[in-house]
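Read off the chains here:
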Amino acid sequence: MFPSGFYRDENDELNVQGIKIDALTAKYGTPLFIYDTGLMKERYELFLNTVKSVKGNIHYAVKANDSVNIIKFFGKLGAGADIVSIGEFHKCVAAGITPDKIIFSGVGKDKNEIETAIRNNILQFNIESEEELDDIYEIASKLKLTANICLRINPDIAPNTHKKISTGEKETKFGIDNENILSIYQKLHKLKYINPVGLGVHIGSQIFDFNFFHKAYLNLKTVADNLKSIGFKVPTLDLGGGIGIYYDQNKNPDFDTYKKVISDLFLDSEYKLSFEPGRSLIAEAGILVTKVIRNKKNKDKNFIVIDVAMNNLIRPTLYDAYHKIEPVKKIPGKEIIADIVGPICETGDFIALNRKITEVSNNDKLIIRTTGAYGSVMKSNYNARVDALEILIYNGKSYKLKKTDTILDIISKEKIIDFV
Ligand code: LLP
């Protein structure tokens, strides 16, 4: 048995499931995303164990990593899915997740997306406005098919995370404010083809102070209890995702504290609970391997230019996110401070700034850790850069996740106009 994740062997060489990362880059090249199913399984089971006492259902937040095989792997372990587009719906279906295990979240569901979801008998819509309800009602009535509706509350809580991924304050576009919940929940009951199934909340991502979860869930429960006390059925509460993970340390998310929070509020309650974890299931199970293109010095500033850029991993520049970077092969050398940057023509194209790192040589391989979530899904082809290859390690073997387009494939998809 090998340790899960990406670990160093007795020769200090980096491995995954007994395979050397060096061997993988020799076979597949760089940039290369590598995912470890061992860690994915371990995390899924930890999460399952965390929500077991409250009999929670896990709906993997597909947006974190929507590779069909990754969805399929979690699906095989028993997960349903949380989606935010009909594209993600189709990916889930391709991954073998049936519509009755899929929750459709998101503030901007288009009418054609709603129609496809209703026609496929999706488990539930988490809706974010009365206007959205009107659209769903119109489509459900036209189709004469029932839509299950859960209202997402905006509890006006700022969970102290990066502002771009904080979704619980009233200034954000998400959810319905507490004051309007009662009237909209009432309205649900009056509409034919609309089946009210409960309430939900998701206050943001990468949250470490779990008091915010407590506050948000208590608010949710209080509103639900009130609705029940006046005679409405509120069978389901959706508690969203958002558990913070450690990008700078090798340790599990604080599932124990999370378990305390949910047990405190929901142990022996009659609500059916659903959870939508994304990052905490897949982030650490992925690394991105890169090659050093060159070392460059400007006056006394060091730059390490690598073959990964912001088109492969946008998190550092978009959220000032920290990702650990280490050499595949540890070679003794002196420590320097360097900006680790990609080839894209923008100052914003960096993976790390002022990072302390042991000197590297051109062609050395480095790994960028914790890139399983919100890594490859946020890619682009900016600067006509092709996608990084992605592989999955399962039972000690490596599998390509998808065919990647060459630049000629990309060009061949453009329609060339004959400017005569
Ligand atoms: N449920 C809903 C409704 C969500 O909007 C999200 C994430 C999740 C669940 C999953 O949250 P998680 O467990 O992964 O924290 N691109 C950003 C993160 C955006 C999160 C969007 N919503 C990043 O790279 O940090």
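These figures come from a predicted structure and were not determined experimentally. (Residues numbered from 1 in each chain as written. Predicted model: local features only at pLDDT ≥ 70, side-chain atom pairs only at ≥ 80, totals over all residues. Heavy atoms only, no water.)

### Focus: the site of the ligand
Defined as follows: Proximity is defined per residue: if any heavy atom of the residue lies within 4 Å of a molecule or strand, that residue is considered near it. Polar contact is defined as a pair of N or O atoms within 3.5 Å, subject to the rule that within protein one atom must be able to donate a hydrogen and the other to accept it, and that residues adjacent in sequence are counted only when both atoms are side-chain atoms. Surface accessibility in these figures is a Shrake-Rupley result with a 1.4 Å probe; residues are shielded only by whichever protein chains are displayed. Basically, the charged four are Asp, Glu, Lys and Arg, the nonpolar ten are Ala, Val, Leu, Ile, Met, Phe, Trp, Tyr, Cys and Pro, and anything else, Gly included, counts as polar.
Taken together, 17 residues sit near the ligand, with S205, E276, R279, R315 and Y374 positioned nearest. Measuring from a nitrogen atom of the ligand, one finds a side-chain N or O atom of D82 at 3.4 Å. With respect to the ligand, the side chain of E276 contributes an N or O atom lying 2.6 Å from a nitrogen atom. Taking 590 Å² as the accessible area of the ligand by itself, protein coverage stands at 91%. Of the residues contributing to the shell around the ligand, the split by class is six nonpolar, five polar and six charged.

### Considering the pairing of strand 15 (residues 301-306)
The line we're drawing: Relative accessibility thresholds used throughout: buried, under 20% of the residue-type maximum; exposed, over 50%; partly exposed, between the two (1.4 Å probe, protein chains only). Here a strand is any run of E in DSSP of at least two residues, a helix any run of H or I of at least four, and the numbering for each starts at the N terminus. Whether two strands pair comes down to DSSP finding at least two bridges between them.
Of all six residues making up strand 15, five are buried, and the element is well covered by its neighbours. Pairing of strand 14 (residues 286-298) with strand 15 involves six bridges; the strand directions are antiparallel. Looking at strand 15, one finds that N295 is bridged to I304. Here strand 14 folds back onto strand 15, and the loop between the two strands holds two residues, one of which, K299, carries a positive phi near 50 degrees.

### A word on the nonpolar core
To be explicit about the condition: We define the nonpolar core as a collection of buried residues of types Ala, Val, Leu, Ile, Met, Phe, Trp, Tyr and Cys that are connected through side-chain atoms lying within 4.5 Å of one another. Annotation comment: domain bounds sourced from an automatic or database domain assignment.
If you look at the biggest cluster of nonpolar residues, it comprises 103 residues, and the most contacted ones within it are F125, L199 and Y217. For this core, the element with the most residues is helix 8 (residues 211-229), which contributes eight residues. Counting contributing residues per domain, this core is built from domain 1 (6-35 + 284-412) and domain 2 (38-279), each supplying no fewer than three. In terms of nonpolar packing, the next biggest core, distinct from the first, is built from 16 residues, I21, L32, I34 and I391 among them.

### Side note on helix 7 (residues 178-190)
Spelled out, the test is: Our arc is simply the arc of the directions from the helix axis toward the C-beta atoms. Between two residues, a contact is recorded if the distance between any of their heavy atoms is within 4.5 Å.
Buried within helix 7 we find I181, I184, Y185 and L188. Relative to the axis of helix 7, the buried residues are bounded by an arc of 105 degrees and lie together on one face. Across helix 7 from its buried face, at more than 90 degrees, point the exposed residues E179 and K190. For helix 7, the elements touching its buried residues are helix 6 (130-143), strand 9 (147-154), strand 10 (176-177), strand 11 (194-200) and helix 8.

### Overview of the packing of aromatic side chains
Ring pairs (aromatic) are described by centroid distance and by the angle formed between their planes. Counted only if it meets this: Any Phe, Tyr or Trp ring, taking Trp's six-membered ring, that has another such ring centre within 6.5 Å forms a pair; planes under 30 degrees apart are called stacked, those over 60 apart edge-to-face, and the others tilted. Two conditions define a charge located above a ring, namely a distance within 6 Å from the ring centre to NZ of Lys or CZ of Arg, and an angle within 35 degrees of the ring normal.
Per the stated rule, a full pass over the model turns up 18 aromatic pairs. Both rings, one in F210 and one in F213, keep their centres 5.3 Å apart while their planes meet at 65 degrees; by these two values the pair is edge-to-face. Take F210 and F213: they sit in the same class, and that class is buried. Centroid distance F213 to Y217: 5.7 Å. Interplanar angle 25 degrees. Geometry classified as stacked. Taken as a pair, F213 and Y217 lie in helix 8 at a separation of four residues, close to a single helical turn. One Lys or Arg, K109, reaches over the ring of F104 and ends 5.6 Å from the middle of that ring. One Lys or Arg, K251, reaches over the ring of Y246 and ends 4.5 Å from the middle of that ring.

### Comments concerning the domain arrangement of the protein chain
Inclusion rule: Any carboxyl oxygen of Asp or Glu within 4 Å of a side-chain nitrogen of Lys or Arg constitutes a salt bridge here.
For the protein chain, the assigned domains read domain 1 (6-35 + 284-412) and domain 2 (38-279). A separation of 33 Å is found between the C-alpha centroids of domain 1 and domain 2. In this complex, domain 1 contributes 20 residues to the contact, which on the side of domain 2 involves 22 residues. At the junction of domain 1 and domain 2, the tally comes to one salt bridge. Two residues, R43 and E284, come together in a salt bridge whose shortest N-O distance is 2.8 Å. Where domain 1 meets domain 2, there are five residue pairs in polar contact (both at pLDDT 80 or more). Of all the secondary-structure elements, those providing two or more residues to the side of domain 1 that touches domain 2 are helix 11 (315-319) and strand 20 (389-394). Here the side of domain 1 that touches domain 2 gets three residues from one element, more than from any other, and that element is helix 11. Across the side of domain 1 that touches domain 2, the residue classes break down as 11 nonpolar, four polar and five charged.

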